[in-house]
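# Summary of structural features
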Amino acid sequence: MAKDTGHAKFAVTLALALALCVLLQSAAYAASVLKVGSSGDEVVTLQTKLKRWGYYTGSIDGKFGTQTKKAVVYFQQKNGLVADGVVGPATAKAMGMALSTSSSGSSGASNSNSDLYLLARCVYGEARGEPYKGQVAVAAVILNRVKSGEFPDSISGVIYQSGAFDAVKDGQVNLTPDETSIKAATDAMNGWDPTNGCLFYYNPATSTNKWMLSLPVTLSIGRHNFCLGN
Amino acid sequence: MKYEKAEKAGHIITRVIVPLALVVAVVSLAFWGTQQRALADEYKNTATNMYKRAFNELCTDMNDLQTALGKLRVVTSPTQNVLLLDDIWRISGSCVSMLSQIPSSHLDVGELNLFITRVGDYAHALTKKALAGETASDEDRDQLDQLYARCGEIAKDLNDRLSVGDVPVAAITSDEFLTAVDDTYASTEDESKFPTLIYDGPFSESTQKQEARGVTGDEVDMDKARELALKLADIPSFDSEGDSNGKIPAYDFHGTYEDGREVDISITKTGGLLIWLMSSATGTASGIPDDATVEELKKAALDWLSAQGYESMKATYAQYYAGTALINFAYVENDAIVYNDLIKVWVDRETRGIVGADARNYLFSHVERDIPAPTLSKEEAEAKVSVNLDIESSELALIPVTPTKERLCYEFKGKCDGDEYIVYIDAETGEEQQIFVIINTENGQLTL
């Protein structure tokens, strides 16, 4: 009997797990909000605005804490919004901010330049967490490839070339890029090339590509080695 | 009795409900699994079909390319010659595009990609030559013969793969589409798999291996470079330093200002020249500022350039983003703007300080030039411009027509139906050399 109950429990757990999977999947496509625990450039923008308008007195540190929440509630009360301390679409609109969404849609200004936005997405997927110079370097390698005869002749051709970027293979290229990667892509588009003409880069700690590892290294930035190629 | 009832209920749970629940779970899992499998198959088919389509088109393009190259060997009329060359250029573009859509990595198809790009680039260079009235040289005819032969081999090989069904269906999970079996098109140390082409175009070997002509002077050591860099970055010390042997060998430095902003700077090993300086602005302003501010920003950049020894520079274009004004400056000689000799300067919009510079273009192209006086007068050149263009201003400019050739032109800026254009008329021959459309964005501005 104990065994049977065990089976029943297993079946129930399985069903629950399946249902949870479905729920998690749908949650991943919802629009993002800013609330206690959020951090990043959007929070910096939020804090800057609140401080400028006198709702917020704390430091602009990009971290959504209780002080930021209080300021948001204060702002919401003053502006006739639901005072829940969460910055959703309505509050964001009242503040004149654009919130990113976690689906692959692009936000505001970046629409005007799809190449720049794609470049930023690849930089974000491949090199977020790298030093700024390293992010520009990744964008510069992509642009150097476009100019080289050995590679496809467009930014999208280079980025989506088979086997070229891990972030394309595992889908991270579809994440919404942050301000930093957009700026890095812009700087690279404007000509800054910290790699001085490199066509390849790899992470020596994780790369298993023998051919890549055999290339002479031109320079290293952060976790990446950059190479001119042959 | 009561006990019996409870036992009976227990039996119902263990003997009926639990097995039933399990059966339902298993059936629904099986159903779910089958559906997932069908979905996966559908995706795989769709992807494979796209790959196959691209590969088929690649084969067709290679055949067409060979056919066009063949016709070129027997063509006599100048018009047909140019039309064929133009066709080759177009087909090679399509080939490269299809090549990028099959699941093969750069390692497998890089050399083939380069070869096809060069065939098109070469045809385009020959078109320009033909239109300028030059006839093809013996060398050109020789090269075309080689191209015809090699393209034929490639077309045959690709078609053979197609006919024996050597288009792997398992392509989605591997990037071993064209090779793995052999290394027909793989990158190797020597490029002997494809004929070498000698011509003047953006993808030619000579262009890709071009030296930085503007980098001259004595070798400097790290200490000297550091001293120069500290002054340029306006910082007391650096956090880290190194050197790199990219296209221009350089010393690299990284520092952090008191307010937390970072700065990177790169100095050439030869001559101790600034390649680039990159930091960020203190503010976040964007959008085009008012005219007075634009002038101030321009002046700040010009003063800085002149302090670095770059005299005779003219602002040509400006962009405003992330708290900076990025202004392009071109070198001016004999009243002619030399567009190749370009330096970009980033000015902080709040402090008017210099937070970035990029002299790479200048270092690659700047040489002592002997710019001739224009043969045509401005009025004669203006007569060659389309009557549809309302000319607003004109200048003399030295513009690149091939990677190694520059021509002195009159530059006419004007409007047609509200759109802005720049037209370049050769100051010697009166030919129209280039036409640009100006695309104004919310952050960019032509400052000529």
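The rules behind these values
Residues numbered from 1 in each chain as written. Chains lettered and ligands numbered in written order. Predicted model: local features only at pLDDT ≥ 70, side-chain atom pairs only at ≥ 80, totals over all residues. Heavy atoms only, no water. Contact = heavy atoms within 4.5 Å. Buried area = accessible area lost by both parts, 1.4 Å probe. Salt bridge = Lys/Arg side-chain N within 4 Å of Asp/Glu carboxyl O. Polar contact = N/O pair within 3.5 Å; in protein donor to acceptor, adjacent residues only side chain to side chain. Helix = DSSP H or I, 4+ residues; strand = E, 2+ residues; numbered from the N terminus. Nonpolar A, V, L, I, M, F, W, Y, C, P; charged D, E, K, R; others polar. Phe/Tyr/Trp six-rings, centres within 6.5 Å; stacked < 30°, edge-to-face > 60°. Buried < 20%, exposed > 50% of the residue type's maximum accessible area, 1.4 Å probe, protein only. pLDDT = per-residue confidence, 0-100. Domains from an automatic or database assignment.

## Re the interface of chain B and chain A
The interface of chain B with chain A comprises 42 residues on the first partner and 36 residues on the second. Note on chain B versus chain A: buried area summed over both sides is about 3,500 Å², and carbon and sulfur give 58% of it. Three residues, B:His106, B:Trp276 and B:Arg360, lead the burial of chain B against chain A; their summed loss comes to 16% of the area buried on that side. Connecting chain B to chain A are two salt bridges. The salt bridge involving A:Lys133 is made with B:Asp264; its shortest N-O contact spans 3.8 Å. Counting across the chain B and chain A interface gives 13 residue pairs in polar contact (both at pLDDT 80 or more). Per-element accounting of the side of chain B that touches chain A gives the leading share, seven residues, to helix H3 (residues 106–131) of chain B. Per-class residue counts for the side of chain B that touches chain A are 19 nonpolar, 15 polar and eight charged.

## Observations concerning the packing of aromatic side chains
Where two aromatic rings form a pair, the distance of their centres and the angle of their planes describe that pair. Residues and elements named next belong to chain B. Enumeration over the complete set of coordinates arrives at 14 aromatic pairs over all chains. The interplanar angle of 25 degrees and the centroid separation of 5.0 Å between the aromatic rings of Phe238 and Phe253 together place this pair among those described as stacked. Pair noted here: Phe238 is in the loop between helix H6 (222–233) and strand E1 (240–245) and Phe253 is in strand E2 (residues 249–256), with a separation of 15 residues, a long-range link. Exposure remark for Phe253: the relative accessible area of 1% places this residue in the buried category.

## What about the confidence of the model for chain B?
Residues and elements named next belong to chain B. When pLDDT is averaged along chain B, the result is 86, and 91% of the positions lie at 70 or above. For chain B, strand E13 (residues 444–446) is the element with the lowest average pLDDT, namely 69, and strand E8 (residues 354–358) is the one with the highest, namely 95. Ignoring residues within four places in sequence, the model shows residues 169–182, a span with pLDDT below 50, making 34 contacts including any to other chains. Scored as a complex, the prediction yields pTM 0.74 and ipTM 0.82.

## Here's the deal with the domain arrangement of chain B
Here chain B is described as being made up of domain 1 (51–179), domain 2 (222–365) and domain 3 (378–447). On a C-alpha basis, the centres of domain 1 of chain B and domain 2 of chain B stand 42 Å from each other.

## Focus on the domain arrangement of chain A
The domain boundaries assigned to chain A delineate domain 1 (41–95) and domain 2 (108–227). Each of domain 1 of chain A and domain 2 of chain A has a C-alpha centre, and these two points are 35 Å apart.

## Remarks on unusual backbone geometry
All names here are of chain B. Although it is not a glycine, Ala322 adopts a positive phi angle of roughly 45 degrees. Looking at the secondary structure, you find Ala322 in the loop between strand E5 (313–321) and strand E6 (324–333). Assessed through its relative accessible area of 28%, Ala322 is described here as partly exposed. We note that Asp417 has phi near 55 degrees; this positive angle belongs to a residue other than glycine. If you trace the backbone, Asp417 turns up in the loop between strand E10 (405–416) and strand E11 (419–426). For Asp417, a relative accessible area of 79% gives the class exposed.

## Re the pattern of salt bridges
Residue and element names in this part refer to chain B. Counted under the stated rule, the structure contains 23 salt bridges over all chains. Its salt-bridge partner being Lys298, residue Glu295 comes within 3.6 Å of it at the nearest N-O pair. One end of the pair, Glu295, and the other, Lys298, are both in helix H7 (residues 291–307), three residues apart, so they sit about a helical turn from each other. With a relative accessible area of 16%, Lys298 lands in the buried category. With a closest N to O distance of 2.9 Å, Arg407 and Asp426 form a salt bridge. Here Arg407, found in strand E10, pairs with Asp426, found in strand E11; they are 19 residues apart in sequence, far enough to count as distant. For Arg407, a relative accessible area of 23% corresponds to the partly exposed category. Shared partners join several salt bridges into a network, and the residues in it are Asp223, Arg226 and Glu241.

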